[in-house]
Amino acid sequence: MVITKEHIWKILEEVPDPEIPVLSVLDLGIVRDVKFLDNEGIEVIITPTYSGCPAMDMIAVNIKSVLQEKGIHPVRVTSVLHPAWTTEWMTEEGRRKLKDYGIAPPVKGSFDKGALFASERTVECPQCNSSDTRMVSQFGSTPCKALYQCNSCKEPFDYFKCH
Amino acid sequence: MQLEYTLQIADNALILGHRLSEWCGHGPILEQDIAITNIALDLIGQARSLYQYAAEVEGKGRTEDDLAYLRIGTQFRNTLLVEQPKGNFGTTIVRQFLFDAFHFAFYQELCNSKDETLAAVAKKSLKEVTYHLRFSSEWVIRLGDGTAESHEKMQTALNDLWAYTGELFKASDADQWALENGIGVDLEVVKKFWEEKVSEILKMATLEQPADGWMQTGGKQGRHTEHLGYILAEMQYLQRAYPGQEW
Ligand SMILES: [Zn+2]
């Protein structure tokens, strides 16, 4: 069987994000390209969500091992910083999976870097869909999340920040 | 000079990141503990990208680990502000705010660098630093305009740290070289943003902006306060005791 790029992308759908395992690396939008190398083997190009994201090394290892299990090797995983990752690259499927998992997906709209005290975006509660919620802390359990609480059902929840 | 310039940026991020990590498990409340360690993680991540690049620029086979863990104090190029002790929570917040306002404007300018790697790091980091600046600004206001005790602690911290702010904008030889070659940023532009931001937030926080007096300098040339030695002793212990460990 001839391995095509489509095969590779299909296989990458099976590689989970280590911190939010319902999302694949494709749902997150961190896989930027797949290349066939001249000397056989392939290169997968990824970009980090956050500079200090501790999951990146784990993700590289997981990509290699999943591809190798399917007989595709050698695999090289390269990390690039430019263009910088943005939550806009998260797939619709990814947003839906996040919500089902209990994490509010990023509110769409570009990242406004200048706004220091910008009015908070309305974030819907992933449990009861109420838009009456409040931010508890800008920083949550991982760099990509903020901590919110729903004023309607009182449940605390994570919000995947716009970035 | 390019190595020197990259190290200046990297060392600020690493040393402040390490200083913030001292709050891990000691934050006043859980949310703040998590926030500060998240910021530490961002900064250490930025430092890592910059050290990898510095190692490449130097081209002598040194790695990011060598640069972070095997240089001595006089070889560090960070500004004196970031190595100041964490003090109480107010001190940490003031130190963070004074640096974040600089860091934000610095990266904003660095996005236009002719050096593609530095521009890429700047664009990536700017998104993170935007959250940092917002966090520290909000806390400066909350604590400055808080109780009599919190106000006094904030004012004391501000007065104590003010002498370390001048250095942020005083160009070193590397700053000068980088600016002339389209790689670095114009610190005068950064200073203008910083002054406006700082005065705006201090006013909202009902804190009095100290007068510019004698400013401490020397960090960018490797002349540090005694505090850096203690940081390095702790941070580099593992690598020196067990050589060859990797990030
Ligand atoms: Zn709810």
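As the structure is a prediction and not an experimental result, all values here were calculated from the model. (Residues numbered from 1 in each chain as written. Chains lettered and ligands numbered in written order. Predicted model: local features only at pLDDT ≥ 70, side-chain atom pairs only at ≥ 80, totals over all residues. Heavy atoms only, no water.)

Looking at the overall build of chain B
When its secondary structure is counted, chain B shows 10 helices and 0 strands. Listed by position from the N terminus, the elements making up chain B come as α-α-α-α-α-α-α-α-α-α. Computed over C-alpha atoms, the radius of gyration of chain B comes to 17 Å, within 12% of the 18 Å expected from 2.2 N^0.38 for 247 residues, which places it in the range of a compact globule. Dimensions of chain B along its principal axes, counting C-alpha atoms only, are 55 × 40 × 30 Å. Buried residues in chain B amount to 57% of all 247 residues. The contacts of chain B with a sequence gap of at least 6 include a subset with a gap of at least 24, amounting to 81%. Summing over all exposed atoms, chain B offers an accessible surface of approximately 10400 Å²; the carbon and sulfur share of this is 51%. (Helix = DSSP H or I, 4+ residues; strand = E, 2+ residues; numbered from the N terminus. Rg over C-alpha atoms; globule rule 2.2 N^0.38 Å. Buried < 20%, exposed > 50% of the residue type's maximum accessible area, 1.4 Å probe, protein only. Contact = heavy atoms within 4.5 Å. Areas by Shrake-Rupley, 256 points an atom, 1.4 Å probe, with all protein chains shown as cover.)

Looking at a nonpolar patch on the surface
Together, Y237(B), L238(B) and Y242(B) make up a nonpolar patch on the protein surface, roughly 370 Å² of accessible area in all. By the element assignment, Y237(B) lies in helix α10 (residues 227-241). (Patch = residues over 30% accessible without salt bridge, like charges linked within 9 Å, V, L, I, M, F, W, Y side chains within 5 Å. Salt bridge = Lys/Arg side-chain N within 4 Å of Asp/Glu carboxyl O.)

Points about the pattern of salt bridges
Residues and elements named next belong to chain A. Scanning the entire structure with this criterion turns up 18 salt bridges over all chains. In this structure, D27 engages K97 in a salt bridge whose closest nitrogen and oxygen atoms are separated by 2.5 Å. Of the two residues, D27 is situated in helix α2 (residues 25-28) and K97 in helix α4 (residues 92-101); the sequence distance between them amounts to 70 residues. Ionic pairing is found between K145 and D158, a salt bridge with its closest N-O pair at 3.7 Å.

Comments concerning the domain arrangement of chain A
All names here are of chain A. Domain boundaries assigned for chain A yield domain 1 (5-85) and domain 2 (92-160). Relative placement of domain 1 and domain 2: their C-alpha centres are 26 Å apart. Across the contact, 9 residues belong to domain 1 and 11 residues belong to domain 2. Counting each side, the surface lost to burial between domain 1 and domain 2 is near 900 Å², with a carbon and sulfur contribution of 76%. In terms of surface lost to domain 2, no three residues of domain 1 exceed I20, V22 and Y50, which account for 47% of the buried area on that side. At the boundary of domain 1 with domain 2, the tally comes to 1 residue pair in polar contact (both at pLDDT 80 or more). Across the side of domain 1 that touches domain 2, the residue classes tally to 7 nonpolar, no polar and 2 charged. (Domains from an automatic or database assignment. Buried area = accessible area lost by both parts, 1.4 Å probe. Polar contact = N/O pair within 3.5 Å; in protein donor to acceptor, adjacent residues only side chain to side chain. Nonpolar A, V, L, I, M, F, W, Y, C, P; charged D, E, K, R; others polar.)

Focus: empty space enclosed by the protein
Residue and element names in this part refer to chain B. The full count for this structure, using the stated rule, is 2 cavities of 30 Å³ or more. In this model, the largest cavity occupies a volume close to 110 Å³. What lines the largest cavity is a set of 13 residues, among which Q8, I9, N12, F102 and F106 lie closest to the centre. Those elements that place two or more of their residues in the lining of the largest cavity are α1 (2-21) and α5 (89-110). Ranked by residues supplied to the lining of the largest cavity, first place goes to α1 with 4 residues. Across the lining of the largest cavity, the residue classes break down as 6 nonpolar, 4 polar and 3 charged. (1 Å grid on protein atoms, 1.4 Å probe; cavity = no way out; pocket = protein on both sides within 12 Å on 5 of 7 lines; lining within 4 Å. Points joined across faces, edges and corners; volume = space filled by probe spheres on them.)

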